[in-house]
Amino acid sequence: MPVDFSGTWNLISNDNFEGYMVALGIDFATRKIAKMLKPQKVIKQDGDSFYIHTTSTFRDYSLQFKIGEEFEEDNKGLDNRKCKSVVTWENDKLVCVQTGEKKNRGWTHWLEGDDLHLELRCENQVCKQVFKRA
Ligand code: VL7
């Protein structure tokens, strides 16, 4: 039985989001707003199908995928770059590789105690986010 990430999660820490956004080429004004946000994630997991909705007072982003099936990701409202993404299980971690213009782009989700962890990677930058159940 795989881990179940389903639930509503609130951001409690956000380490090096600035570095990650700079690596993505997000402009200064947008970064200033974005780093003040406390996004919420709603995750629905049904077998190998996932729905992840990240919401904030500024922008929302939603993603749907099946484990192991490559999909086109548009990153609309984020950096707007298209990439080919695929999410796989690595033990109990959910690992996404986002292939496109930016090297080493992707993210990893895992559970630690009652917390949801997310590592966001782009080029040489790593952002670490932690969420608690709402
Ligand atoms: C999504 C933000 C910075 C632009 C706005 C910030 C709005 C709320 O992709 C992500 O999560 C995965 C894993 O859970 C599922 O899609 C992270 C936030 C990345 C990148 C770009 C700043 C403007 C934040 C949507």
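Just so it is clear, the model here is predicted, and its values are computed rather than measured.

With that out of the way, let us pick up the site of the ligand. In the vicinity of the ligand, 19 residues are found, and the nearest of them are Lys 41, Ile 52, Tyr 61, Leu 63 and His 109. Between the ligand and Lys 41 there is a distance of 2.8 Å, counted from an oxygen atom to a side-chain nitrogen or oxygen. Here the ligand loses 98% of its free accessible area of 620 Å² to cover by the protein chains. When residues of the shell around the ligand are traced back to their parent elements, those giving at least two are helix H1 (17–23), helix H2 (28–34), strand S3 (49–55), strand S4 (61–66), strand S8 (106–112) and strand S9 (115–122). Counting residues per element, the shell around the ligand draws most heavily on H1, which supplies three residues. Here the shell around the ligand is composed, by residue class, of 14 nonpolar, three polar and two charged.

Negative phi is the rule for most residues except glycine; trans is the rule for most peptide bonds. A positive phi angle, close to 50°, is found at Asn 75, a residue other than glycine. Mapped onto the fold, Asn 75 is located in the loop between strand S5 (71–73) and strand S6 (83–90). Residue classification places Asn 75 among the buried residues on the basis of a relative accessible area of 2%.

With that out of the way, let us pick up the UniProt feature "domain: Cytosolic fatty-acid binding proteins" (unreviewed entry) in the chain. The positions that UniProt labels "domain: Cytosolic fatty-acid binding proteins" (unreviewed entry) are, in the present scheme, residues 7–24. Spanning residues 7–24, this segment combines 39% helix with 50% strand, and its end C-alpha atoms are found 28 Å apart.

Here we come to the environment of Arg 121. Relative to the assigned elements, Arg 121 resides in strand S9. Leaving out residues up to four positions away in the same chain, Arg 121 has contacts with Tyr 20, Val 95, Cys 96, Asn 104, Arg 105, Gly 106, Trp 107, Thr 108 and Val 126. Engagement of the side chain of Arg 121 in a polar contact is seen with the side chain of Thr 108, the distance being 2.9 Å.

Spatial strand order, S4-S3-S2-S1-S10-S9-S8-S7-S6-S5: ten strands in an open sheet with antiparallel pairing. Whereas interior strands pair on both sides, the edge strands pair on one side only; in this sheet they are S4 and S5. Between one strand and the next, the sheet's axes are offset by a mean angle of 25°, whatever the strand orientation. Here strand S7 (residues 93–99) pairs with S8 via four bridges, running antiparallel. When the sheet's bridge partners are listed, Cys 96 is paired in S8 with Trp 107.

Calculation notes
- Along each chain, residues carry numbers from 1 onward, in the same order as the chain's sequence is written.
- This being a predicted model, a pLDDT of at least 70 is required before a residue's local features are given, and a value of 80 or more before pairs of side-chain atoms are given or counted; all residues contribute to the totals for chains, interfaces and linings.
- Calculation of side-chain values draws on the structure's entire complement of heavy atoms; hydrogens and water are dropped beforehand.
- Consider each residue's heavy atoms; a residue with any of them within 4 Å of a molecule or strand counts as near.
- Polar contact is the term for a pair of N or O atoms within 3.5 Å; when the atoms are in protein, one must be able to donate a hydrogen and the other to accept it, and sequence-neighboring residues count only if both atoms are side-chain atoms.
- Methods summary: accessible areas were calculated by the Shrake-Rupley approach with a probe of 1.4 Å, and residue burial reflects only the protein chains presented.
- A helix here means a DSSP run of H or I that spans at least four residues, while a strand means a run of E at least two residues long, and both kinds are numbered starting from the N terminus.
- For this scheme, ten residues count as nonpolar: Ala, Val, Leu, Ile, Met, Phe, Trp, Tyr, Cys and Pro. Four count as charged, namely Asp, Glu, Lys and Arg, and the remainder, Gly too, count as polar.
- Whether a residue is buried, partly exposed or exposed follows from its accessible area with a 1.4 Å probe, protein chains only, as a fraction of its type maximum: under 20%, in between, or over 50%, in that order.
- UniProt positions are given in the numbering used here, feature names are shortened, and annotations may be inferred rather than shown by experiment.
- Here, two residues are considered to be in contact whenever any of their heavy atoms come within 4.5 Å of each other.
- Paired strands, in this sense, are two strands between which DSSP finds at least two bridges.
- Every axis corresponds to a line fitted to the C-alpha atoms, with the helix fit spanning only the stretch in contact, and the corresponding angles, defined between N-to-C directions, vary from 0 to 180 degrees.

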